[in-house]
Amino acid sequence: MNLTLHVWRQKNAKATGAFVTYQAKDISPDMSFLEMLDVVNEDLIAKNEEPITFDHDCREGICGACGMVINGAPHGPKQRTTTCQLHMRSFKDGDELTLEPWRAEAFPIVRDLMVDRSAFDRIIASGGFITAPTGTAQDANAIPVRKENADLAMDAAACIGCGACVAACPNASAMLFTGAKVSQLALLPQGQPERYDRVLKMVSEMDASGFGSCTNHGECASACPKGISLQNIARMNRDFVKASLTDGTRDASGDTGGAG
Amino acid sequence: MELRSNAPTGPIEQRWDKHRFDMKLVNPANKRKYSIIMVGSGLAGGSGAATLAELGYNVSCFCYQDSPRRAHSIAAQGGINAAKNYRNDGDSIYRLFYDTVKGGDFRARESNVYRLAQVSVNIIDQMVAQGVPFAREYGGLLDNRSFGGAQVSRTFYARGQTGQQLLLGAYQQLERQIGLGKVKMYPRHEMLELITIDGRARGIVTRDMTTGKVESHLADAVCLATGGYGNVFYLSTNAKGCNTTANWRAYKKGAAFANPCYTQIHPTCIPVSGDHQSKLTLMSESLRNDGRVWVPKKKGDTRKPADIPEDERDYYLERKYPSFGNLAPRDIASRAAKEACDDGRGVGPGGKGVYLDFADAIKRLGSHAIAEKYGNLFEMYERITDENPYKQPMRIYPAVHYTMGGLWVDYNLQSTIPGLHVLGEANFSDHGANRLGASALMQGLADGYFIIPYTIGHYLASNKLEKITTDHPEVKKAEAAVTDRINKFLSINGKRSPTSFHRELGKIMWEYCGMARNDAGLKTALEKIPALREEFWKDVKVLGDGFSLNQSLEMAGRVADFLELGELMCLDALERKESAGGHYRTEYQDEGEAKRDDANFCHVAAWEYAGEGKKPIRNIEPLDFEYVHLATRSYK
Ligand code: FES
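Residues numbered from 1 in each chain as written. Chains lettered and ligands numbered in written order. Predicted model: local features only at pLDDT ≥ 70, side-chain atom pairs only at ≥ 80, totals over all residues. Heavy atoms only, no water.

*Asks:* Where do I start with the overall build of chain B in this structure?
*Replies:* The helix and strand inventory of chain B stands at 17 helices and 21 strands. With the principal axes as the frame, chain B shows a C-alpha extent of 75 × 60 × 50 Å. Across the 636 residues that make up chain B, the buried fraction comes to 67%. In chain B, once contacts between residues fewer than 6 apart in sequence are set aside, the share between residues at least 24 apart is 74%. Carbon and sulfur atoms make up 49% of the accessible area of chain B, which amounts to about 21300 Å² in all. (Helix = DSSP H or I, 4+ residues; strand = E, 2+ residues; numbered from the N terminus. Buried < 20%, exposed > 50% of the residue type's maximum accessible area, 1.4 Å probe, protein only. Contact = heavy atoms within 4.5 Å. Areas by Shrake-Rupley, 256 points an atom, 1.4 Å probe, with all protein chains shown as cover.)

*Asks:* Would you take a moment to explain the environment of Ala461(B) for this structure?
*Replies:* Residue and element names in this part refer to chain B. Among the secondary structure elements, alanine 461 is positioned in helix α12 (residues 440-462). Between the C-alpha atoms of alanine 461 and asparagine 27, which are 434 residues apart in sequence, the distance is 9.2 Å. If sequence neighbours within four positions are ignored, alanine 461 has contacts with Lys24, Leu25 and Val26.

*Asks:* Can you help me understand the interface of chain A and chain B in this one?
*Replies:* Reports of interface size often rely on the accessible area that becomes lost once the parts have come together. On the chain B side, the residues contacting the 75 residues of chain A number 75 residues. Summed over both partners, the interface of chain A with chain B comes to about 6200 Å²; 50% of that surface belongs to carbon and sulfur atoms. Joining chain A to chain B, the criterion identifies seven salt bridges. Asp155(A) is the salt-bridge partner of Arg159(B), the closest N and O atoms lying 2.8 Å from each other. For the pair chain A and chain B, the number of links is 49 residue pairs in polar contact (both at pLDDT 80 or more). Of all the secondary structure elements, the ones that give two or more residues to the side of chain A that touches chain B are α1 (33-46), β6 (109-111), β7 (114-115), α2 (118-127), α3 (147-157) and α5 (175-186) of chain A. At seven residues, the largest contribution of residues to the side of chain A that touches chain B is made by α3(A). Here the side of chain A that touches chain B is composed, by residue class, of 35 nonpolar, 18 polar and 22 charged. (Buried area = accessible area lost by both parts, 1.4 Å probe. Salt bridge = Lys/Arg side-chain N within 4 Å of Asp/Glu carboxyl O. Polar contact = N/O pair within 3.5 Å; in protein donor to acceptor, adjacent residues only side chain to side chain. Nonpolar A, V, L, I, M, F, W, Y, C, P; charged D, E, K, R; others polar.)

*Asks:* Help me understand the pattern of salt bridges, please; the structure alone is not making it clear to me.
*Replies:* Once their charged atoms are close, side chains differing in charge can pair, the charge on each being opposite to the other. Under the counting rule described, the total for this entry stands at 73 salt bridges over all chains. For Glu148(A), the salt bridge identified is with Arg146(A), shortest N-O distance 3.7 Å. Looking at Glu148(A), the relative accessible area reads 40%, which means it is partly exposed. Judged by relative accessible area, Arg146(A) falls into the exposed class, the value being 53%. Across the pair Asp343(B) and Lys299(B) runs a salt bridge, and its minimum N-O distance is 3.3 Å.

As structure tokens, then:
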């Protein structure tokens, strides 16, 4: 099949960008979306035009590197699917597609469809961890975890950090990303000692990085390729309120997990 | 070149303890005075960088991705082995050691493997403490599953995303150190040269992939944790960015490259769908716990799988290897699939596939239970192939997945260049000629968390390191080499894209140095590769400039190195005149089973760079088997 692409081209963070139209010819429905772009790029190189820059790595939906807005939808039309896992059979001959980078103040454009998501790393660095230096651990089975909690923690931990939630949100909020990490660790007994301190630090870093606030649109969860649920935001909000009331010093030693 | 393994002697259970005591220590106040470079942020690099920083060292960590959280360890699906014996099924450190040595077809160093099995138990403890959400049973304790090459259940898992969860655990620990200022992180940076001064590794030259800036970074020691080189085949389960450049630069500066021909072809991947294919996707080995592998008995049988009656199916793994059945090790399962397809009994387009069938398991356990165990894998399969594996069997075919070969290291993970340490898949040390499933994650974390933190201290405490600055002539020379190379790529102005060369190299490698190799084929490849390389340097086309983000330029550099490595792999394969694990020479077999030649090849081949245009030197490290006695590997 043949498609028409309107692609955002921008040389670097400071340059002004614009849409440029390209034809994608002889595309097989078995190709992934990125393989379709590979074909377009090889054509461009043959014509001495610089290929389109986009982030990608694993191409199996797990590393979170890829992502672009396709006809207004982050990662395109298919639910729970990253751009690299989207296949051309989701489109038809003659389709016209607009490809844009994630748009958010906290994600400056690096080039074309590639953005800088280091703000996510800073949120994790501010508190998205359990302080467990190497060598201090007790036997793994000494800490039993309710299966329900372990499963919910795993649901939250499935986040790949791609940034689609931010791109989908009208306020460019990072609540789903941050909430997922806060929830995962708050649901586990190992995460209790730092639970309230953690949420305060992560939320404050999130605000400092220029992400917007959450006004309950829920676009983030529907755009999420990993199905991270809005419940994670609710859990984070609950912990945040509790923590704020006590300034993060609340003694959490009585908690054994169970933020859900 | 002298290859001193520095492995301790004495009873194997005590070697690591003894060695730890014998090694020199750096006292806590002095650790602050040392700086260490870590290249790579996967399980080995991420855990290593974080742990070294916890100890007090000043660490700089580099990765080519936009965030350390994206390193390809993230894609590992099935699980991580540990000799916990939580199942009470007869597991032990000794058994994990034994299985790994045997699984590797007796081509790994016993002392290293034993240590790996020992620290495996600490890894699970450590990762649980960090909040990795491993699968649990209703009682709240950890669950296990079985993997190929083992008859016990020792694999811990987090759904089908174990690599992701372990990597995020290590990444969070790394981010904590970044937040504390003990690790300086350099994402979107590519290492393009190793700096050696007075024979020691003292730094690296990188290119900032966003701005194009070429820069030197100096340190007291350098660690490479840059993964494997499976992308030399173009199509593999590796991420698109995985490359050999860091290792290859080190090789050309004097680090020996060990057993480059040992590549792992994973039996359960989604088959190639067309020429556009850019990468292959693995279906976790854990699926072989419940899936049964078969092909039709009749050649060229094009009936739908459901229309082929039970007695006209060949469950060939169960037939040939009754005691391990569908859980035969990877190299064996891959070869058996190839044989069936070569015999004209393959299924799907082009006959390049075999069935992995869950019908029996669904009947026995119900589709809900199957979904709980493998749901995300089934979804992924359906997304890629548009076929529903709950209703019809999966089609799978072997694909390049892992490389057991890598830079040669001694027991301290030090390469033949003093001060250059190599961790994880990038080194050669623990898996011999074939890696068992769920052991890559184990080795990456073992190296990063529990080995390098001790051994690097020993190096730093035993050597007097001069202070150096970036004005040093060796530093300037290394920088100039990098800049010249970049300018060269940009000035060739040829006609072919870097990708087109990469694809062509991949085809040569797969055909002549893939699942089955032989003398004539390898010699053909050894003619084709240098010719292709020559064409590359004359005709590659890299558009754009060096001062901005330029993915074609990045690619060209990686392909140039693959074009050299491919040749070394073929040379190694040619000279290893035996079959062992993943290295299968059709001339050396016993009714299709790999035939080792212990009299002549019970050794590591460590290749030494001899200069441009010269044949590299093949050095040997003999292997002794004191504990697991050399025997023909049998899974029957
Ligand atoms: S490339 Fe890794 S998630 Fe798409």
